[in-house]
Amino acid sequence: RGPRIRVVVIGVSTGGPEALGQLLPLLPRTFQVPVVVVIHLPGLFTSSLVSSLQQRCPLQVQEAADGRPLMPGTIIVASGGKHLQVRRGAHRELVMRTPALPPRNGCCPSVDVLFESAARYCPAATLAVLLTGMGSDGVDGMRAIQASGGHTLAQDEVSSVVWGMPGRAVQAGVADEVVPLRKMSARILDLVSKS
């Protein structure tokens with residue numbers, strides 16, 4: 001048994017709403033680890049995505065809010081146009097931060113910004129999942145999480161709409177496992193239950 005997983009971070013871009021719609025509803029109400037999602041979407045679309053996921057997911061789905069604690073059994077989705085980080089609060093609890101930083105990899109929110117914060121503030125206790133998407137956002141963050149002792153999963157090519165982001169992570173050697181989308185939720189549950 002490794003260190004307990006305390007947060008699951010997910011990055012996704014092209015094909016993201018469909019991928020999240022397949023993965024997140026399979027996480028049961030008993031799942032007691034916060035899930036934090038960065039998806040490359042314009043701001044106007046974030047609230048509709050959150051609403052759609054909430055109707056389908058047993059877990060509570062919320063849009064990110066600066067300073068709010070990360071609660072077990074919740075799914076947090078970054079707002080379009082705002083970066084999202086995981087940090088430690090005054091009592092060492094995990095909280096959300098939405099810093100005013102410039103775009104990273106041409107993206108805001110950026111997967112790398114989220115993943116690197118998780119590696120820093122929750123080392124060896126983060127499970128990172130990089131799903132379908134164009135470009136390379138998330139690769140540096142996967143590297144940081146892997147280096148900190150966390151675990152990294154990348155979606156496989158066959159099930160990806162675009163195997164850019166996860167493919168780059170695999171090519172860079174920063175994906176501990178390559179998993180089909182239809183098996184991703186089960187693998188997340190397995191890793192969390194064994195931690």
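Since this is a predicted model, take the numbers as computed values, not measurements. (Residues numbered from 1 in each chain as written. Predicted model: local features only at pLDDT ≥ 70, side-chain atom pairs only at ≥ 80, totals over all residues. Heavy atoms only, no water.)

Attention now goes to the pattern of salt bridges. Scanning the entire structure with this criterion turns up seven salt bridges. Glu 116 is paired through a salt bridge with Arg 104; the nearest N and O atoms lie 2.7 Å apart. With a gap of 12 residues between them, Glu 116 in helix H3 (residues 111–121) and Arg 104 in the loop between strand E6 (94–97) and H3 connect regions that are remote in the sequence. One salt-bridge network, in which partners are shared between bridges, spans Arg 104, Glu 116, Asp 140 and Arg 143. (Salt bridge = Lys/Arg side-chain N within 4 Å of Asp/Glu carboxyl O. Helix = DSSP H or I, 4+ residues; strand = E, 2+ residues; numbered from the N terminus.)

Another point: the environment of Val 35. Within the fold, Val 35 resides in strand E2 (residues 35–39). Expressed as a C-alpha distance, the spacing of Val 35 and Leu 127, which sit 92 residues apart in the sequence, is 9.5 Å. Beyond its immediate chain neighbours, meaning those up to four positions away, Val 35 contacts Val 8, Ile 10, Leu 24, Leu 27, Thr 74, Ile 75 and Ile 76. (Contact = heavy atoms within 4.5 Å.)

It is worth spelling out unusual backbone geometry at this point. A cis geometry characterises the amide bond from Cys 108 onward to Pro 109, with omega recorded as 10 degrees. Secondary-structure assignment places Pro 109 in the loop between E6 and H3. We note that Arg 92 has phi near 70 degrees; this positive angle belongs to a residue other than glycine. Tracing the chain through its elements places Arg 92 in the loop between strand E5 (85–88) and E6. One non-glycine residue, Asn 105, lies in the positive phi region at around 60 degrees. Along the chain, Asn 105 turns up in the loop between E6 and H3.

The next thing to look at is the nonpolar core. The biggest cluster of nonpolar side chains holds 33 residues, and the ones touching the most others in it are Val 8, Ile 10, Leu 20, Leu 24, Leu 131 and Ile 188. At the level of secondary structure, the elements contributing two or more residues to this core comprise strand E1 (7–12), helix H1 (16–23), E2, helix H2 (43–56), strand E4 (74–77), strand E7 (126–130) and helix H6 (181–194). When residues in this core are grouped by element, the largest group, five residues, is from H6. Setting aside residues no more than four positions away along its own chain, Ile 10 makes contact with Leu 20, Leu 23, Leu 24, Val 35, Val 36, Val 37, Val 38, Leu 114, Phe 115, Val 129 and Leu 131. Core analysis: the second largest hydrophobic core is formed by 29 residues, Val 38, Leu 70, Phe 115 and Ile 145 among them. (Core = buried A, V, L, I, M, F, W, Y, C linked by side-chain atoms within 4.5 Å. Buried < 20%, exposed > 50% of the residue type's maximum accessible area, 1.4 Å probe, protein only.)

A few words on the environment of Asp 140. Position of Asp 140 relative to the elements: it lies in helix H4 (residues 139–147). Each C-alpha atom of the pair Asp 140 and Asp 190 lies 25 Å from the other, and the pair is 50 residues apart in sequence. For Asp 140, the contacting residues outside a window of four places in its chain are Arg 104, Asp 112 and Glu 116. At a separation of 2.9 Å, a polar atom in the side chain of Asp 140 contacts the side chain of Arg 143. (Polar contact = N/O pair within 3.5 Å; in protein donor to acceptor, adjacent residues only side chain to side chain.)

With that out of the way, let us pick up the packing of H3 against H4. Look at H3 against H4: their axes get within 7 Å of each other, and the N-to-C directions meet at 10 degrees. For the element pair H3 / H4, the angle class is roughly parallel. Packed against H3, whose contacting residues are Asp 112, Phe 115, Glu 116 and Ala 119, the element H4 presents Val 139, Asp 140, Gly 141, Met 142, Ala 144 and Ile 145 at the interface. Counted by class, the contact of H3 with H4 contains six nonpolar, one polar and three charged residues. (Axes fitted to C-alpha atoms, helices over the stretch in contact; angles between N-to-C directions. Parallel < 35°, antiparallel > 145°, perpendicular 65-115°, else oblique. Nonpolar A, V, L, I, M, F, W, Y, C, P; charged D, E, K, R; others polar.)

Right, let's get into the pairing of strand E8 (residues 151–155). Among the five residues of E8, four are classified as buried, and the element is accordingly described as predominantly covered. As paired elements, E7 and E8 share four bridges and run parallel to each other. The residue of E8 that forms the bridge with Leu 127 is His 151. Each parallel crossover has a hand, and the one from E7 via H4 to E8 is right-handed. The pairing of E8 with strand E9 (residues 177–179) spans three bridges and is classified as parallel. Across the sheet, the residue bridging to Leu 153 is Glu 177, located in E9. (Pairing = 2+ DSSP bridges. Right-handed = clockwise from strand over helix to strand, strands pointing away.)

Burial runs high along H3: eight of the 11 residues are buried. Within the sequence span of H3, burial applies to Val 111, Asp 112, Val 113, Leu 114, Phe 115, Ser 117, Ala 118 and Ala 119. Contact partners of the buried residues in H3: E1, E2, E5, E7, H4 and helix H5 (165–171). Capping the start of H3, Ser 110 holds a side-chain oxygen 3.2 Å from the backbone nitrogen of Asp 112, two or three residues further along.

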